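Single-letter residue listing:
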Amino acid sequence: MLFTAGGTRPAPAGEALADDPSTEVEHEFKLEQAEIASDPSTELDAIHADLAQRRTELIESARDRGVTVAAVGTSPVHAQPTATPDERYLHMHERYGLVAADQLTCGAHVHVGVSSRAEGIAAIDGMRSWLAVLIALNGNSPFWSGSDSGYASYRSISWGRWPTAGPTARFGDEQTYDRIVAGLIDAGAAVDEAMIYFDTRLSARYPTVELRIADVGQEIADSVLLAALCRALVETAVAAPPADPPVALLRAAAWRAARFGLAEELLDVVDCRLRPAADVLDHLADVLRPALRRTGDEDAVHAGIDRVLRRGTGADVQRADLARRGRPRDVVIAASERTASGR
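In this text, all values refer to a predicted model and were calculated from it rather than measured experimentally. (Residues numbered from 1 in each chain as written. Predicted model: local features only at pLDDT ≥ 70, side-chain atom pairs only at ≥ 80, totals over all residues. Heavy atoms only, no water.)

Turning to the pattern of salt bridges, a few remarks are in order. Under the definition given, this model contains 30 salt bridges. D192 is paired through a salt bridge with R88; the nearest N and O atoms lie 2.6 Å apart. Residue D192 is found in the loop between α7 (174-187) and β6 (200-202), and its partner R88 is found in helix α3 (residues 87-102); the two are separated by 104 residues along the sequence. Residue classification places D192 among the partly exposed positions, given a relative accessible area of 23%. Across the pair E264 and R256 runs a salt bridge whose closest N-O atoms are separated by 3.6 Å. Three or more residues are tied together by salt bridges with common partners; here these are E219, D222, R307, R311 and R343. (Salt bridge = Lys/Arg side-chain N within 4 Å of Asp/Glu carboxyl O. Helix = DSSP H or I, 4+ residues; strand = E, 2+ residues; numbered from the N terminus. Buried < 20%, exposed > 50% of the residue type's maximum accessible area, 1.4 Å probe, protein only.)

Structure, rendered in structure tokens:
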């Protein structure tokens, strides 16, 4: 997210940054946002290095314009978001009213390659039980426009107001997926396929499954850990018969993960019971172990999860910054320092 140099308010500089030929920044729904993306890679170290380079380019371009970049899911300071003057975005504002006008959030989207759309549907159906765990692990949006929301990931709650957002029932096959997407567009719940905001979806542009459930991470290592988990989830889901928890339980699990992060128990949607967050993460690592070993990511994932459990989530870190420094703008400044650290 983009802020004034002193961190006092979000800065509507996204279009100017996207026009800078020295960066590969894309403009987003609001001018206070800027989007970057790594090149496709199978190596976690390469993803880390690529994201570090792109963050550096974005930060330097922003600095030239008196703007600070902080990788946070929502604004710690008061915000009045500005619509990007793009015909599609302006149409979305008109159609969706306050849901669109209020929207100022930053997520981390992970694309995982699949061999076919049918394999992508198998992955989407098979991952449903674990998606709330990614919300809990990556919560980095405790504040909403200057106030503590009480949530670890308030971005998830705000984003969930879009009519196509959230968990889905099993699709079973690509024909059912396509029929549901077409029905949502026909109903006006989405203006086009790009506005299908399922937690996981088939990419409209690439031969990938896109996981859209996590907050952006302050540190690059958070994004790399997320990428490793998402790849292993896709591979595991394709190979195993999927569980079929009801959407009502998936919504409850996602709410609980967004509300408490890793600070309280998480809902096991298969057994329908609460379990300590650390136990759920251990179970996830066990389920993904064969896939993680095949890619050589097992040690990195275990180290990443241990690091988050020791340090706390991004939401924990932001709240600690506020307690230590006392002003919301100091949370922005601290987050911008972590964003630029290259860690």
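Before going further, it helps to spend a moment on the nonpolar core. In this structure, M127, L134, W162 and L211 are the most contacted members of the largest nonpolar core, which totals 75 residues. At 12 residues, the largest contribution of residues to this core is made by helix α8 (residues 220-239). Not counting residues up to four positions away in its chain, the partners in contact with L134 are L211, I213, L226, L229, C230 and L233. Ranked by size, the runner-up nonpolar core spans 12 residues in total, among them V77, A79, L104 and V332. (Core = buried A, V, L, I, M, F, W, Y, C linked by side-chain atoms within 4.5 Å. Contact = heavy atoms within 4.5 Å.)

Moving on: helix α13 (residues 328-339). Taking 1.5 Å of rise per residue, 12 residues should cover 16 Å, and α13 covers 17 Å from first to last C-alpha, within 8% of that figure. D330, V331, V332, A334, A335, S336, R338 and T339 are the residues of α13 that are buried. Looking at the packing, one finds that the buried side of α13 touches β1 (2-4), α2 (44-64), β2 (67-69), β4 (143-144) and α12 (314-325). (Expected span 1.5 Å × (residues − 1).)

Below, the discussion takes up the sheet that holds strand β7 (residues 208-215). Taking strand neighbours across the sheet as the criterion, the 3 strands line up as β3-β7-β6 in an open arrangement whose pairing is antiparallel. Sheet topology places β3 (107-113) and β6 at the edges, where each strand pairs with a single neighbour. In this sheet, neighbouring strand axes are inclined to one another by 25° on average, regardless of whether the strands run parallel or antiparallel. Sheet analysis places β3 next to β7, joined by 6 bridges and oriented antiparallel. Bridging from a neighbouring strand, H111 pairs with E210 of β7. The sheet contacts of helix α4 (residues 117-127) involve β6 and β7, and relative to β6 the element is tilted by about 170°. Running at roughly 40° to β3, α8 makes contact with β3 and β7 of the sheet. (Pairing = 2+ DSSP bridges. Axes fitted to C-alpha atoms, helices over the stretch in contact; angles between N-to-C directions.)

It is worth spelling out the packing of α4 against α7 at this point. Close contact between α4 and α7 brings their axes to 9 Å; oriented N to C, the two are set at 80°. One finds that α4 runs roughly perpendicular with respect to α7. Only E174, Y177 and D178 of α7 make contact with α4, whose side of the interface consists of R117, A118, I121 and I124. Tallied by class, residues from the contact of α4 with α7 come to 4 nonpolar, no polar and 3 charged. (Parallel < 35°, antiparallel > 145°, perpendicular 65-115°, else oblique. Nonpolar A, V, L, I, M, F, W, Y, C, P; charged D, E, K, R; others polar.)

What follows concerns the environment of V234. Note on placement: V234 falls in helix α8. Its relative accessible area of 4% is what places V234 among the buried residues. Every residue in contact with V234, bar those within four places of it in the chain, is listed here: V112, V114, A123, M127 and L211.

The next point concerns unusual backbone geometry. Positive phi, close to 55°, is recorded for S145, a residue that is not glycine. One non-glycine residue, C272, lies in positive phi territory at about 55°. Along the polypeptide, C272 turns up in the loop between β8 (266-268) and β9 (273-275).

Looking now at the packing of α4 against α8. At a minimum axis distance of 8 Å, the contact between α4 and α8 shows a crossing angle of 100°. When the axes of α4 and α8 are compared, the pair comes out roughly perpendicular. Contacts between α4 and α8 pair E119, A122, A123, G126 and M127 from the former with L233, V234, A237 and V238 from the latter. For the contact of α4 with α8, the class distribution of residues is 7 nonpolar, 1 polar and 1 charged.

Let's shift gears to the side chain of D297. Structurally, the position occupied by D297 is in the loop between α10 (277-295) and α11 (298-311). Here D297 falls in the buried class, since its relative accessible area comes to 5%. Of note is the side chain of D297, whose polar atom sits 2.7 Å from the side chain of R231. Here T295 takes part through its side chain, which lies 3.0 Å from a polar atom of the side chain of D297. For D297, the residues in contact, after removing those within four places along its chain, are L44, A228, R231 and L292. (Polar contact = N/O pair within 3.5 Å; in protein donor to acceptor, adjacent residues only side chain to side chain.)

Structural measurements only, silent on function.
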